Amino acid sequence: MAVRSAISLIWNGNISPAYLRFQSVEHAKEELLAGNEHMFVAPDGTIFLQVPGVKIDDSFQLVDQRRHSSQRLFMMAVPYIGGYNPDYSGLDFCAATSEIIAGRIAYGG
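Going along each chain's sequence as written, the residues are numbered from 1 onward. Given that the model is predicted, a residue must reach a pLDDT of at least 70 before its local features are reported, and side-chain atom pairs must reach 80 or more before they are shown or counted; all residues, however, enter totals for whole chains, interfaces and linings. Side-chain metrics rest on all non-hydrogen atoms present in the structure, leaving aside hydrogens and water.

A. How the structure looks around the pairing of strand 3 (residues 47-54). Pairing between strand 1 (residues 17-21) and strand 3: 5 bridges, direction antiparallel. Each bridged residue has a counterpart across the sheet, and for alanine 18 the counterpart in strand 3 is valine 51. Strand direction decides the pairing type here: strand 2 (residues 39-41) and strand 3, joined by 3 bridges, are antiparallel. Opposite phenylalanine 40, over in strand 3, you have phenylalanine 48 as the bridge partner. For two strands to be treated as a pair, DSSP must find no fewer than two bridges joining them. Only runs of H or I of at least four residues qualify as helices and only runs of E of at least two qualify as strands under DSSP, and these elements are numbered from the N terminus. The hairpin turn running from strand 2 into strand 3, its antiparallel successor, is 5 residues long, and glycine 45 in that turn takes a positive phi close to 95°.

Rendered as structure tokens:
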């Protein structure tokens, strides 16, 4: 059942893959020309690198394919957000994350 729910989130556009924008345009172009399969060029020409996991905002809310933060879906599972910051781990991270999420829920998302 969990797999069906996850697939529904993808098909319905409720989640989107995680991407990071390159700080260096030159390095991004080098990677693109080298054939890196994890690259994405936005319509405005900005170059991104797809990283493991799903896109989240600063409050750990899932971001949909229209770039809107979900008011009801949060992600704390490190394997799905580790592409943003591989240092996400440990009890300190869990405590800080749950405080952020609880605050967002308490104030209506």
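B. Spotlight on unusual backbone geometry. Even without glycine at this site, phenylalanine 60 takes up a positive phi of about 65°. For phenylalanine 60, the location among the structural elements is in the loop between strand 3 and strand 4 (61-63). Positive phi values are uncommon outside glycine, yet arginine 67 reaches one of about 70°. For arginine 67, the location among the structural elements is in the loop between strand 4 and strand 5 (69-74).

C. Quick peek at the environment of glutamine 61. Structurally, glutamine 61 is set in strand 4. A 1.4 Å probe rolled over the protein chains alone gives each residue an accessible area, and that area as a share of the maximum for its type sets the label: buried under 20%, exposed over 50%, partly exposed in between. When its relative accessible area of 0% is taken as the criterion, glutamine 61 is described as buried. Along the backbone, glutamine 61 and isoleucine 15 are 46 residues apart, and their C-alpha atoms lie at a distance of 10.0 Å.

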